[in-house]
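Chain by chain, the residues:
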Amino acid sequence: MSPPRLMPESHLGSRRRSLARILALCVSLIWSCAGCASLKRPAGVPASYAPAEIPAALEQARGELDQGVLLHAFFRSRSAARSKGLAPEDKLAAQALYDRATEAWIAAQASAGSDPDLLEELLDLEVSTPLAVRAGVSAAELHFRAGERMKAFRLLKRVDRSFPHHQERVTAGNLLATIGFSFAEDPRRYGLFFHYRDNAPQVLEYLVLEYPTQRECDRAYVVLAGLYERDKDWELAIERLEDLVLWHA
């Protein structure tokens, strides 16, 4: 009988790091379920309008928009745009006002201190693609400012899955790089057993894979190589340095 084969130290370390990241993800997902805000239609705003009611509804929504009553303007124009049996000109007017109200809502919520969940919910409310992308990326920025780096990362991935080749890729790529480098430079622990630094590889690997033309990718390859070298994962460290030479000579 041949003696049992021992797993190389680098492979053992890699498996331990993978387990730690899975456990960390589970913990963060549990925490993220608490305290989420919800974007709800205000009382007094109907779910839809009869065609004859559209002109008055749009006039009311315009007034609310001008007065800064943005939640009412957003949902009222949304109800108008989703109503059935509209004349083509009313449909176009309702959709244009819905886009205006959505843009105003995003701008107001994107300020520091706002709840990012209220922007993230726009991804499920059938707003136009450019506005949905802007809302998602803005929400990710708010998560990052609030110290929720993994929430920001997961939300950027969701935007990419829903809207490939979207128009905010430069902004999203810059934020991904910032998140990844922030994790890589963070020596602290969380949850007793986890290191923030262990979150860096998945973010930076995503950056170089999905955003290969982003200007921070050269630094990402260097940082990844250093992280893998630190963990004695020599094969991956060498691969990332080879990628650096190949793509960013």
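Heads up: the structure comes first, above all this text.
Conventions and cut-offs
- For every chain, the first residue of the written sequence is number 1, and numbering continues from 1 along that sequence.
- Given that the model is predicted, a residue must reach a pLDDT of at least 70 before its local features are reported, and side-chain atom pairs must reach 80 or more before they are shown or counted; all residues, however, enter totals for whole chains, interfaces and linings.
- By convention in this description, side-chain values take in all heavy atoms of the structure and omit both hydrogens and water.
- A run of H or I in DSSP becomes a helix once it reaches four residues, and a run of E becomes a strand once it reaches two; helices and strands are each numbered from the N terminus.
- Each residue gets one of three labels from its accessible area relative to the maximum for its type: buried under 20%, exposed over 50%, partly exposed in between, using a 1.4 Å probe on protein chains only.
- Note on contacts: a residue pair is in contact if any heavy atoms of the two residues lie within 4.5 Å.
- In this analysis, rings of Phe, Tyr and Trp, with Trp reduced to its six-membered ring, are considered paired at centre separations within 6.5 Å, and the interplanar angle assigns stacked below 30 degrees, edge-to-face beyond 60, and tilted for intermediate values.
- Lysine NZ or arginine CZ positioned within 6 Å of the ring centre and within 35 degrees of the ring normal marks a charge as sitting over the ring.
- The term nonpolar core refers to a set of buried residues drawn from Ala, Val, Leu, Ile, Met, Phe, Trp, Tyr and Cys, joined through side-chain atoms within 4.5 Å.

Draft legend 1. Representation of the overall build of the protein within the structure. A tally of helices and strands in the protein yields 11 helices and two strands. Written out in order from the N terminus, the α and β elements of the protein read α-α-α-α-α-α-α-α-β-β-α-α-α. Residues counted as buried form 43% of the 249 residues belonging to the protein. Residue pairs in contact within the protein that sit at least 24 positions apart in sequence constitute 63% of those at least 6 positions apart.

Draft legend 2. The arrangement of unusual backbone geometry in detail. Of note in the backbone geometry, His165 takes a positive phi value of approximately 60° without being a glycine. In this structure, Leu192 takes a positive phi of about 70° despite not being glycine.

Draft legend 3. How the structure looks around the packing of aromatic side chains. For the structure shown, the criterion picks out six aromatic pairs. Consider the rings of Phe153 and Tyr206, whose centres lie 5.7 Å apart with planes at 80°: the pair is edge-to-face. With Phe153 in helix α7 (residues 149-162) and Tyr206 in helix α9 (residues 200-210), this pair connects stretches of sequence that are 53 residues apart. Taken together, the ring pairs in this structure connect Phe74, Phe75 and Tyr98 into an aromatic cluster. The lysine or arginine in question, Arg149, covers the ring of Tyr196, its NZ or CZ lying 4.9 Å from the ring centre.

Draft legend 4. Geometry of the nonpolar core. The biggest cluster of nonpolar side chains holds 66 residues, and the ones touching the most others in it are Leu39, Phe74, Leu119, Leu122, Leu156, Leu176 and Leu207. In this structure Leu176 touches Phe153, Leu156, Val203, Tyr206, Leu207 and Tyr211, once residues within four positions along its chain are discounted.

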